[in-house]
Amino acid sequence: MTWVDDDYRRGSMSFPGADGSEGYICVPMDIPADSEFTISMWAKQEDPSALKGLFVMAREGGADGTGPVCQMEGSNDFRSWLGASTLWGRFATGEGFTQARGDDPSLVADEWTHIACRMTDTHIENLVNGQVVARYDHETRRQEKGWTHGFAGAERILLGNAHVGPWPGLLDDIRIYKVALTDAQIGYLLLPSPPQAALHLK
């Protein structure tokens, strides 16, 4: 990963790095099982027809806890993949997974797009530029399957990569909120300088 000054967003993260590496950033986090949360970021890629990885949320050492820190294969994770016609959010439950997949986020090549992934107590929602493009009732699935959790929690987040490969472009202003932001609050994040007071977050 390298830092670049994009024409519109200075200090953006570039994946892969200028040296040709496919690296990613691994950051500790603490989101307990069955939590509400929102992940927000700006993303840009020259060819949005390729289905690539924005980020992975994982438990330490993967699904069984024995693997290396920040391993991706086999992780009990959340994935958000962005392509020409797909934004895919997959939430691991520990016993299976639920996912929301949008069919037409209307992505534009080489243009900044705001992505938000929101987990409420009942639904997974993926938003593009403030509009919900995919929604899934994970609580009903949990009850039907007899699972203990609708979301198994996360201890790490990997930025700029996922199981489908590294993100071939830029990411910027990545935020993780331990609440399910309202549509209005996500709308504030689309402004050039979001007013923090308007988010009313603790």
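Above this text sits the structure in question.
Residues numbered from 1 in each chain as written. Predicted model: local features only at pLDDT ≥ 70, side-chain atom pairs only at ≥ 80, totals over all residues. Heavy atoms only, no water.

S.K.: Account for the overall build of the chain, naming residues and giving values.
M.R.: The helix and strand tally for the chain stands at two helices and 13 strands. Here the chain, with 202 residues, has 50% of them falling under the buried criterion. Taking the contacts inside the chain whose residues are at least 6 apart along the sequence as the reference set, 66% of them involve residues at least 24 apart. Working note: accessible area of the chain is about 9400 Å², and carbon and sulfur atoms make up 48% of it. (Helix = DSSP H or I, 4+ residues; strand = E, 2+ residues; numbered from the N terminus. Buried < 20%, exposed > 50% of the residue type's maximum accessible area, 1.4 Å probe, protein only. Contact = heavy atoms within 4.5 Å. Areas by Shrake-Rupley, 256 points an atom, 1.4 Å probe, with all protein chains shown as cover.)

S.K.: So what's going on with the environment of Asn 161? Which residues, and what values?
M.R.: Its location among the elements puts Asn 161 in the loop between β12 (154–159) and β13 (169–177). Between the C-alpha atoms of Asn 161 and Phe 55, which are 106 residues apart in sequence, the distance is 5.4 Å.

S.K.: Pulling in residues and values, what's your account of the nonpolar core?
M.R.: Proteins that are soluble and globular tend to have nonpolar side chains buried together. Core analysis: the largest hydrophobic core is formed by 22 residues, its most contacted members being Leu 54, Phe 55, Met 57 and Leu 171. Among the secondary structure elements, those contributing two or more residues to this core are β2 (10–15), β3 (25–31), β4 (37–45), β5 (52–58), β9 (113–119), β10 (123–128) and β12. Apart from the residues lying within four places of it in its own chain, the contact partners of Leu 171 are Ser 12, Met 13, Phe 15, Met 41, Trp 42, Ala 43, Leu 54, Trp 112 and Gly 160. Of all hydrophobic cores here, the second largest spans six residues; its members include Ala 116, Tyr 177, Leu 181 and Ile 186. (Core = buried A, V, L, I, M, F, W, Y, C linked by side-chain atoms within 4.5 Å.)

S.K.: How would you summarise the sheet that holds β10 if you had to cite specific residues and measurements?
M.R.: Overall, antiparallel pairing links the seven strands, which are arranged β1-β2-β13-β4-β9-β10-β11 in an open sheet. Edge strands, defined here as strands with exactly one partner in the open sheet, are β1 (2–5) and β11 (131–137). For this sheet the average axis-to-axis angle between neighbouring strands, irrespective of direction, equals 30 degrees. Sheet analysis places β9 next to β10, joined by five bridges and oriented antiparallel. (Pairing = 2+ DSSP bridges. Axes fitted to C-alpha atoms, helices over the stretch in contact; angles between N-to-C directions.)

S.K.: Lay out unusual backbone geometry with the relevant residues and their values.
M.R.: With a phi close to 60 degrees, Asp 34 is a non-glycine residue in the positive phi region. Looking at where Asp 34 falls in the secondary structure, it is placed in the loop between β3 and β4. The backbone of Asn 129 shows a phi angle near 50 degrees, a positive value even though the residue is not glycine.

S.K.: Which residues make up the side chain of His 114, and what are the values?
M.R.: Within the secondary structure, His 114 sits in strand β9. Only 2.7 Å separates the side chain of His 114 from the side chain of Ser 40, close enough to count as a polar contact. Sequence-distant contacts of His 114, that is, excluding residues within four places in its chain, are made with Ser 40, Met 41, Trp 42, Leu 127, Val 128, Asn 129, Ile 186, Leu 189 and Leu 190. (Polar contact = N/O pair within 3.5 Å; in protein donor to acceptor, adjacent residues only side chain to side chain.)

S.K.: Tell me about the environment of Leu 170, residues and numbers included.
M.R.: Position of Leu 170 among the secondary structure elements: in strand β13. Classification of Leu 170 by relative accessible area gives buried; the value is 12%. Other than its neighbours up to four places away in sequence, Leu 170 contacts Val 4, Asp 6, Ser 12, Met 13, Ser 14, Trp 42, Ala 43, Lys 44 and Trp 112.

S.K.: Describe helix α1 (residues 138–145), listing the residues and the values that go with them.
M.R.: Capping the start of α1, Asp 137 holds a side-chain oxygen 3.2 Å from the backbone nitrogen of Glu 139, two or three residues further along. Just beyond α1, the residue with positive phi is Gly 146, at close to 75 degrees.

By themselves, these observations are geometric and do not establish any function.
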